[in-house]
Structures are given as C-alpha cells and as structure tokens.
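Residue-level structure breakdown
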Amino acid sequence: MKRSLQVVAVTVAAVSSLGLSMGGSSAASPAVTADPNAKVEYSGTLSILTKFGLQQLSPYFVNLAQDYEKLHPGVKVELIQESDDSVKGKTKTLVASNSLPDVYFSWTGSWGANFVRGNRAVDLSKVIGPDTDWGKTLSPAAVKAFEYNGKLYGIPLYQDAKFMGYNKQIFAKLGLKAPATFEELLTSCDAIRKSGATPISLGNKEAWPAIHFAGQLLAYNVPQAALERDFDPATAEYTDPGYVAALKQFSQLVVRCTDGAGVNGTSYASALQAFTNAQSAMYYQEIIEFDQAATPDSAVKPADFGFFKLPVPDGAKGDPKSIEGAPEGYMINAASKNIPLAIDFMKFVTSKENAQVLSAPPYGQPSATIGGASESNMSVAVVDGLKEINAASFLMPWLDTANPPRVAAVWLSGLQALAGGSMTPEQVMDEVRKTASAAK
Amino acid sequence: MVHGAARPQRQKSLRARFGNLLSFRWAAIALILIGWFVYYPIVDNFVVSTTDQDIYTGEVTNVGLANYDRLLHDPIVLVALWNNCLYAIISVVFQVFGAFLLAALIEDLRSERWRRFWRAVYFVPSAISITVTGLLFYFIYQPQIGLLDAALSRLGLGQLVQPWLGNEHTAIYAIIAMSQWQGFGYSTLLFAIAIQKIPRDLYDAATMDGAGAFRRLWSITFPLTREMTGLMIIVTITGAFQVFNEVMVMTAGGPNNSSQVLGTWLYQKAFIEDNFGYGAAIAAVIFVLTMLTGAAQLWYTKRRRVQL
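Looking up chain A in an unreviewed UniProt entry gives the name Extracellular solute-binding protein, with the organism given as Mesorhizobium qingshengii.

In structure tokens form, the structure reads like this:
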C-alpha cells in the first residue's frame, strides 16, 4: 500500500514537472501593424471564417469569393462558414490550435479584446483610421467600436441592434398600439394572451436569447458608467441596485408575455418560426433578422411587420435612449502569411457595391459602409431600424461578449434559472458578483 | 568443455531473442500509430490538466493539482457526475437487462420470419444518427408543438404536460429516455446473436425435464450469455460516462446546468470559458472512471465465465 502511494506520488510529480516545463511558454506571435504601402501579391490561398453559415446568408460570401477569384485568378478563397452559435466554439478551437484563418469574424467588446491581448489581430490603424482612404468609406462609430488601447483592429461589416418585432395584424385586431412604456407592454401581453395567441415567442434553449432582454433592461436601469466599470474584469463590482430591478422586470416579462418556464425547452429558431407563422404576436430580434422574420412567403408579410425598441420601464435609472447592439465585423490574423491580400479582400467586401447587396433583402444586414445602407434597395423596417440605431445615445454591448467568459457563463445559466423560476433576481446577481470577483 | 557447450546455447538464445525483437518490426507501424494517436494524447491530457492555459496569448502556467482541487469543490461537477451515474444505471436496466429479456422473447418465437421482423423493428432506431435522434426528440418534447405533451393532453393526463427539456427536474430524464429508445435495439440484436449460439439441445433437454420458460431463461440462457452481458455492461457504463452529443443537441447542459454531464461540462469549461487546463482535469476524471469500470467488469466476468 505504501509502495502504491509512493508510485502515485512519483507519477503526479512527474506529470506536474512536465507541465512545469511548459510554464510561462507563449505561442502567440508579436504585435503586427498593417503597412499601408505594402504591395498586394495576388496569389495563393486566403482563408476566411464567417458567421454567415445559415442557409439564407451563406450565398453572400460564396458569391463574393467567386467574384474576387474572377478579378484575381491567382487567388483562391477558402470559406469556413459558421452560424451564430457554432462560430464561438469553432473560433476558440482554431485559436487553441494556432490555426486561425487569414480573416475571421469578431464581435466587439471582450470577445475582440482577447484577440488583441494575444496579438492575434493585425493593428489596422494605418489602413482603416478616420483619415485613410478606406476609413473614410466606413461609418466612424462602427470602426471605433473595434478600438482597443487607442488602436483599430476590426473591419466593421454591418450594424446590429435588438428590437421587438410585432405582427401589425394581431395588434390591429386587438386594438393595440406599439407600447410606449414597459408597463404598457405587459398590459398588451395580457390582452394578447386572452385572445389565444402567445404574446412574445421566446426560445431560450441556447441561453443567450434571455441575455438580450436582460441586456437592454440593464441599459435602462443601470447607469452607463456602472455598466462599463462592471464589464472590466479588473473593476467589476455588480453592486448597482439597477441590476436586480432589471432582472425583476425580466421575470415579469417572462411570466406575463412568454410561455414561462417552457421558454428553456424551446430553441431560438423555433421561437422565430412561431412568429413568422403568426402564432405569436411579438418576437425580440436583431435588425439583421428583420428580412428573415417577415418574407413574402411567410404568414407574416413584410407589410404586416412592425418593430419598436423594448419600452423603458417607469423610474428606470439608466439611459432611456440606449439600445442594445453593436457593429459586427472581421479581424485579420496577425500570423497570416498574406496580410496585404487579406486587407485587399476586406476592402472588396466593404466596397459600396457589395455593401448595398448585403443591406438589401434577402440578407438585410445594414452595412457599416457609408452609402452601403441605401434606402432604395433595403426593406422599410431595416431602414427605420438603422435610424433608431444612429439616434441611440449608447450602444449597450451583448452581455455574453462584453463580460469575460466565466462571468458570461453565469449570466447565461442564471437567466435560464430566473426564466425557469428556480432562482430569484437577487440570487442571480449574487452568483454574478461571486464569479466576477473570482475572475479578477 | 563446459564452457564450450554453454557458448552455442547462449548464442542460440541471443539469436532467438534478436529474432523476437526483429519480429516487432512488423508491428512497429501499428505500435507507433497507436502510441501517437491513443496513448500520447492520454499522457498529454494529464500534463495539460496541471496547467492553466491562456489560449489567446499562448501562456501556460503550471498550477500543479489546483485544477483537481477546484474540481472537488465545483458543484456542477457533482451534478454532472450524478447525471452520468443516472445515465449508466438507467441504461444498464434498459439496454442490458431489458434488451436481454426482449432478445430472449424474440428468439423464443417459433417463426423465423417473425424473429427477423422484430429484430429489424427494434434495430431501426439504432441506425439513425444520435444527432438526428436528438433533434427529433427535441420536437417530440417541444412544449407548444411537441407530440408528447399533445398525447398526454388527449389522454386526459394534462397535469403531466410540461416543458420536458426546459424543466430543471425533467431535462436529464428526457434525454436519457431518448437515448434508451435509440440504443435498445442494438443491444437486443447483440443478445439475440449470443442466444442463437446456445445449442438447442440444452433447451430441448430442459423442456423434457419439465423446465418452464422462466426456468430455461434463468438456468440456460442467462448463464450462457453472461460473457455478452458483461461486455454490454462495460460498453453501456463507459458509454454513459462519455455521453455528449445528445445532451449538446437537446439542452447543451441546461437549463441552469441541470442536465450537464461530465462531457458537456468539459466542453463548457474548455471551449466556452477558455479554461483548457480545467477541462483536461475533467477529461482525466472521465478516463479514470471508465478505466476502473472496465477493469472491474472484466475481472468479474472472467471469474464467472461459463464455457460450453
């Protein structure tokens, strides 16, 4: 027995020492800055990780790749197309195995910050800054959303924000108008439920849809300074009383407007389907989904589709003009062997002509290129939504990309528990505080 | 003289040994491949489990056994371990003993045509991919349009209607139930093959001695399929500790981590929370548990083996 223990101890020590031998090692490349005068070599293969894996969106990058290959016959574009859910795991696997493609999708906030921290993204300041030729073609606010430590690292492709889409026909039948306050929204839900329809279809199986409701309510209830302090792992406290107030409002919304605990057993896609089939009156969605929620072939036609910003609760102490959302875009891999070519491809992607295709149906992704979001070829709802985004005083980042992953995971599971009724708002915030403190 | 006689013997022995070593060259490629793709990752996983890695910067810090210490105090690990145990227990009951009984019933049928028919009927779900089955059952359990809740309502059992995958108390059972439906037929088929190998004379003799169906099952079929039963128990238990796909497809471990199993918690920690060291520690626990289960079961079946 004594001998066995000795063997175990020696084995553990050996394994630990193997780990020790790797201590402090680093696989990341040094910081790389884009050279505006670099000559573009139009040869070789360019790999791109997109978030356009859904059937409706995937042709966009496929067509762009074909067009670019036609323009430059020596170049081959390889696409890795993922969905909103799968791109997260895929990206991390590629990072962990040092296999990031030349160009890859990124959110703003802490998601993008990780690539910058690890010197995985090219500093694009000299090619995309406000005074550069390329920078002048892009929305300055969207470019600035990818600013870290005073440098620019991202190429914004489109603007995004969350709105409540509603079925105008159901509202008109019940004599309802788009609610002006949160309390009015709850009252409207009661009336819709009485009529037999589901007021808001919410599918929270993936856990992040609830985060989007909570994110907007947090922006309304918690002052911006407190939010920004709490999103920084070094200063996070999560003590503002607005957090609990926002979660209480979310609980009310789940009980009065949705299928209650059933939301955790329904997928995001099923909830969207319920709305497009006119089985529910409202669906909380991103502007980039407007053209998919109401199509000429769905039960809810584009003319029946309306939207409003999630209404502000009475007495909320945050910013009533804020809106939850952020531009989304792409970064260039610092380890890429052909950075000038990767930049050239992204200039092609963000050209006015391609931007207009992106903004129009069936894609409906309002481009971050100036003049790319043209009212003439976009659906009315997307045009109006874009105006609301531009009028917002503060863009509240998505909670799951603004927070470090460990804190984000607690938000995700905590809000599922809140929706399911197994945790109170105070308990959820206790868990968030504990994890944020441990993650410092 | 003595020395002279010993030398050829020693030479012969050396030649034999060298010859044995040479014979290894035929297996060398296989050994290298197995070593590289099977055993090296196992060792490397233990190494990674003693580190804290930042995948973005590539920095690796040795933390000794801190990940294992953290694992002992992680409440979700207990939830996941319990869910894996539930998976194993329920799967052994249905996919081993239930499948054994069903196979015995099918093989007891007189008509070969009916035997083939029932084997095929029970085997069909196993031919469907687990991911597809997971999606199929997601729709069956769906609260608004799901078949299960609709059937319960029609049968006057409305009080049982609930969001099966959305309820923290039912999610893991709903997933396990799907898994039984999927795996039951495969086990049945394997038991049917084992039963077919038993000589009919034994049954005929037992029948002439007045043994009834249950007695024949207990005294002939059961002991003579013990090896298959042991194998199925190992496969089922190790499978229960490696379960991943069905949980990811149906709940991704939710709601509120209630249906996490070790495999999905490993994925959550490593790939969602960027904590590869802790994920490796969970993987090490899964490895040890499945190894111990397999070893114990092999030892037990070897002791109780019945040979014809």
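1. Side note on helix 10 (residues 224-231) of chain A
Residues and elements named next belong to chain A. When we look at burial in helix 10, the residues that qualify are Ala226, Leu227, Asp230 and Phe231. On an axial view of helix 10, the arc spanned by its buried residues comes to 130°, and they lie on one face. Residues of helix 10 that are buried make contact with helix 9 (208-221), helix 11 (241-257), strand 13 (395-396) and helix 17 (399-402).

2. Section: the sheet that holds strand 2 (residues 75-81) of chain A
Residues and elements named next belong to chain A. Pairing is mixed across the open sheet formed by five strands, whose spatial order is 2-1-3-12-6. The sheet is open, and its two borders are formed by strand 2 and strand 6 (155-158), each paired with just one other strand. On average, each strand axis in the sheet is tilted by 25° relative to the strand beside it, whichever way the strands run. As paired strands, strand 6 and strand 12 (residues 328-332) are joined by three bridges and run antiparallel to one another. If you follow Tyr158 over to strand 12, its bridge partner there is Glu328.

3. Quick look at the domain arrangement of chain A
All names here are of chain A. Partitioning chain A into structural domains gives domain 1 (44-160 + 326-372) and domain 2 (162-324 + 398-438). Between the C-alpha centres of domain 1 and domain 2 the distance comes to 28 Å. Counting from both sides, the interface comprises 24 residues of domain 1 and, opposite them, 14 residues of domain 2. Together domain 1 and domain 2 conceal approximately 1400 Å² of surface at their shared face, both sides included; 48% is due to carbon and sulfur atoms. When the area that domain 1 buries against domain 2 is broken down by residue, the three leading residues are Asp85, Ser110 and Asp160, summing to 33%. The shortest N-O distance in the salt bridge between Asp400 and Lys88 comes to 4.0 Å. At the junction of domain 1 and domain 2, the tally comes to five residue pairs in polar contact (both at pLDDT 80 or more).

4. Remarks on the state of the cysteines
Residue and element names in this part refer to chain A. Across all of its chains, the model carries one disulfide over all chains by this definition. What pairs with Cys189 in a disulfide is Cys257, and their sulfur atoms sit 2.0 Å apart. Classification of the bridge connecting Cys189 and Cys257 rests on its S-S torsion, roughly 100°, and on that basis the disulfide is right-handed. Separated by 68 residues along the polypeptide, Cys189 in helix 8 (residues 182-194) and Cys257 in helix 11 bring together distant segments of the chain. Per residue, the accessibility class of Cys189 equals that of Cys257, and both read buried.

Rules of the game
- Residues numbered from 1 in each chain as written.
- Chains lettered and ligands numbered in written order.
- Predicted model: local features only at pLDDT ≥ 70, side-chain atom pairs only at ≥ 80, totals over all residues.
- Heavy atoms only, no water.
- Buried < 20%, exposed > 50% of the residue type's maximum accessible area, 1.4 Å probe, protein only.
- Helix = DSSP H or I, 4+ residues; strand = E, 2+ residues; numbered from the N terminus.
- Arc of directions from axis to C-beta.
- Contact = heavy atoms within 4.5 Å.
- Pairing = 2+ DSSP bridges.
- Axes fitted to C-alpha atoms, helices over the stretch in contact; angles between N-to-C directions.
- Domains from an automatic or database assignment.
- Buried area = accessible area lost by both parts, 1.4 Å probe.
- Salt bridge = Lys/Arg side-chain N within 4 Å of Asp/Glu carboxyl O.
- Polar contact = N/O pair within 3.5 Å; in protein donor to acceptor, adjacent residues only side chain to side chain.
- Disulfide = S-S within 2.5 Å.

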